[in-house]
Amino acid sequence: QVQLVESGGGLVQPGGSLRLSCAASGMRFSISAMTWYRQAQGEERELVASITGGGTTVYADSVKGRFAISRDNAKNTVFLQMNSLKSEDTAVYYCFSVHYNYWGKGTLVTVSS
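Report on the accompanying structure. (Residues numbered from 1 in each chain as written. Predicted model: local features only at pLDDT ≥ 70, side-chain atom pairs only at ≥ 80, totals over all residues. Heavy atoms only, no water.)

Attention now goes to the state of the cysteines. The final tally for this structure, using the stated rule, is one disulfide. Across a sulfur-sulfur distance of 2.1 Å, Cys22 and Cys95 are joined as a disulfide pair. Every disulfide takes its handedness from the sign of the S-S torsion; for Cys22 and Cys95 that torsion is -85°, giving left-handed. Residue Cys22 is found in strand S3 (residues 18–25), and its partner Cys95 is found in strand S9 (residues 91–97); the two are separated by 73 residues along the sequence. Both residues of the pair, Cys22 and Cys95, belong to the buried class. (Disulfide = S-S within 2.5 Å. Helix = DSSP H or I, 4+ residues; strand = E, 2+ residues; numbered from the N terminus. Buried < 20%, exposed > 50% of the residue type's maximum accessible area, 1.4 Å probe, protein only.)

With that settled, the discussion passes to the nonpolar core. Core analysis: the biggest nonpolar cluster contains 26 residues, and Trp36, Val78, Leu80, Met82 and Tyr93 have the highest contact counts within it. It is S3 that contributes the most residues to this core, four residues altogether. Excluding its chain neighbours within four sequence positions, the residues that come into contact with Met82 are Gly16, Ser17, Leu18, Leu20, Arg66, Phe67, Tyr93 and Val109. (Core = buried A, V, L, I, M, F, W, Y, C linked by side-chain atoms within 4.5 Å. Contact = heavy atoms within 4.5 Å.)

Here you go:
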């Protein structure tokens, strides 16, 4: 069965860093582009970053220079390194497999003083 399990969310102060992880199982991970989305309270879900099987990355303008997406195909895991966090980064972050059209359940990131 396909599963995507996010982890690494939590409470962090503005300017701090977090690294999110998404562990995949039940799929051919290496062939699937992987994407991080986020949804803040009262807002629409938005794309944060995406990485293809070949390693090409795309970022939302709001996170360019601060976030970095990466993947480790041997470990079936995609990461999102988040630096210089701002209060507006507060959201539930979701992992999404493009090939399998499958969502994780999300992990909450709260950036607050």
